[in-house]
2 protein chains.
Amino acid sequence: MFDANNEDIIYDLADLFKMFADSTRLRILYALTDGEKNVGELAENLSMNQSAISHQLSTLKAAKLVKARRDKKSMYYSLADDHVESIIKIGVEHVLEP
Amino acid sequence: MFDANNEDIIYDLADLFKMFADSTRLRILYALTDGEKNVGELAENLSMNQSAISHQLSTLKAAKLVKARRDKKSMYYSLADDHVESIIKIGVEHVLEP
DNA sequence: CTTTCATATGTTTGTCTGTTCATATGTTCA
DNA sequence: TGAACATATGAACAGACAAACATATGAAAG
């Protein structure tokens, strides 16, 4: 599947899956599957305080899973690429199976 | 993609991805992609002690990502289904991209 | 320029989790 | 049955991490 001798890939992979391994981040990512949202919208949407959301967004951004765009005073976040949705989707397929 | 009102799915999803979010578990799963192995083989293969491997195998088994079979004194572990490999694969694709 | 709104950042706290060590369980074979 | 081997389990410790609170940064409008 890939060169297992390159142990770095394993750590990168683990770091990638870590991003999806938390329900708050997962809910953020899912919320962004139907288009960009700003921090306030996400906070309200998930019933969490602004700080928690902002922290997670910065984590997700560092992992290059979301990207940010400023419009006036707001920062709009959106999914960085199609992989994000694909990964969630394949996870869902597994979870939903008998 | 799925019914977001069903919050349980989010938690199940997070739990699933948690399994892939640790390098030891990932290395175990990867090692099993080319066939079943017993605990001793895995421990030697990953240069880790038997107890650590056994603990992680029991975690993976509880998550139904691996299954176990006894042969004589040894327990042979293998991937539970095709999803496991698919999930790793799609993660690798993301990691390997520019 | 100052107030207000939106977001980011620093710090602390409580919880979770991976590893190790020690020991128990269970299987085989003499 | 008992010794030897393979794996599992329990407890303890250390490191990681998400959430909350307080505060700082930055943009816009008057």
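Refer to the structure presented above.
Presented here is a report on the structure given in the accompanying data block.

Reading the values: the criteria
- Residues numbered from 1 in each chain as written.
- Chains lettered and ligands numbered in written order.
- Predicted model: local features only at pLDDT ≥ 70, side-chain atom pairs only at ≥ 80, totals over all residues.
- Heavy atoms only, no water.
- Helix = DSSP H or I, 4+ residues; strand = E, 2+ residues; numbered from the N terminus.
- Buried < 20%, exposed > 50% of the residue type's maximum accessible area, 1.4 Å probe, protein only.
- Contact = heavy atoms within 4.5 Å.
- Areas by Shrake-Rupley, 256 points an atom, 1.4 Å probe, with all protein chains shown as cover.
- Lys, Arg positive; Asp, Glu negative; His and termini not counted.
- Charge placed at Lys NZ, Arg CZ, Asp CG, Glu CD.
- Pairing = 2+ DSSP bridges.
- Salt bridge = Lys/Arg side-chain N within 4 Å of Asp/Glu carboxyl O.
- Least-squares fit on C-alpha atoms with pLDDT ≥ 70 in both.

### A look at the overall build of chain A
For chain A, the helix and strand inventory stands at five helices and three strands. In sequence order, the secondary structure elements of chain A are arranged as α-α-β-α-α-β-β-α. Based on the C-alpha atoms only, the size of chain A along its principal axes is roughly 45 × 35 × 20 Å. A total of 98 residues make up chain A; the buried ones form 45% of that total. Long-range contacts, defined here as pairs at least 24 residues apart, represent 48% of the contacts in chain A between residues at least 6 apart. Just so you have it, chain A exposes about 5300 Å², and 44% of that area is on carbon and sulfur atoms. Within chain A, one finds 12 positive and 16 negative side-chain charges whose respective centroids are separated by 11 Å.

### A word on the pairing of strand β3 (residues 74–79) of chain B
Walk down a regular strand and you will see the side chains alternate between the two sheet faces. Residue and element names in this part refer to chain B. Bridge analysis of strand β1 (residues 37–38) against β3 gives two bridges, and the strand direction is antiparallel. Among the inter-strand pairings, Lys 37 is bridged to a residue of β3, identified as Tyr 77. Pairing of strand β2 (residues 66–71) with β3, which is carried by six bridges, proceeds in the antiparallel orientation. The residue of β3 that forms the bridge with Ala 68 is Tyr 77.

### Remarks on the pattern of salt bridges
All names here are of chain B. Across all of its chains, the model carries eight salt bridges over all chains by this definition. When the shortest N-O distance is used, the salt bridge between Asp 34 and Lys 37 registers 2.9 Å. The exposure class assigned to Asp 34 is exposed, which follows from its relative accessible area of 59%.

### Observations regarding the side chain of Thr 24 of chain A
Residues and elements named next belong to chain A. In this fold, Thr 24 is placed in helix α2 (residues 23–32). Thr 24 gets classed as buried once you look at its relative accessible area, which sits at 13%. Apart from residues lying up to four places away in sequence, Thr 24 is in contact with Leu 46, Met 48 and Gln 56.

### Section: the relation of the copies chain B and chain A
Two copies of one chain are present, and they are related through a rotation about an axis combined with an axial shift. Superposing chain B onto chain A takes a rotation of 180 degrees plus a shift of 0.0 Å along the axis, which leaves an RMSD of 0.0 Å. The superposition of one copy onto the other is thereby described by a two-fold rotation axis. The C-alpha atom lying nearest the rotation axis in chain B is that of Phe 17 of chain B; the distance is 2.9 Å. Most of the interface of chain B is mirrored in chain A, where 100% of its interface residues are also at the interface.

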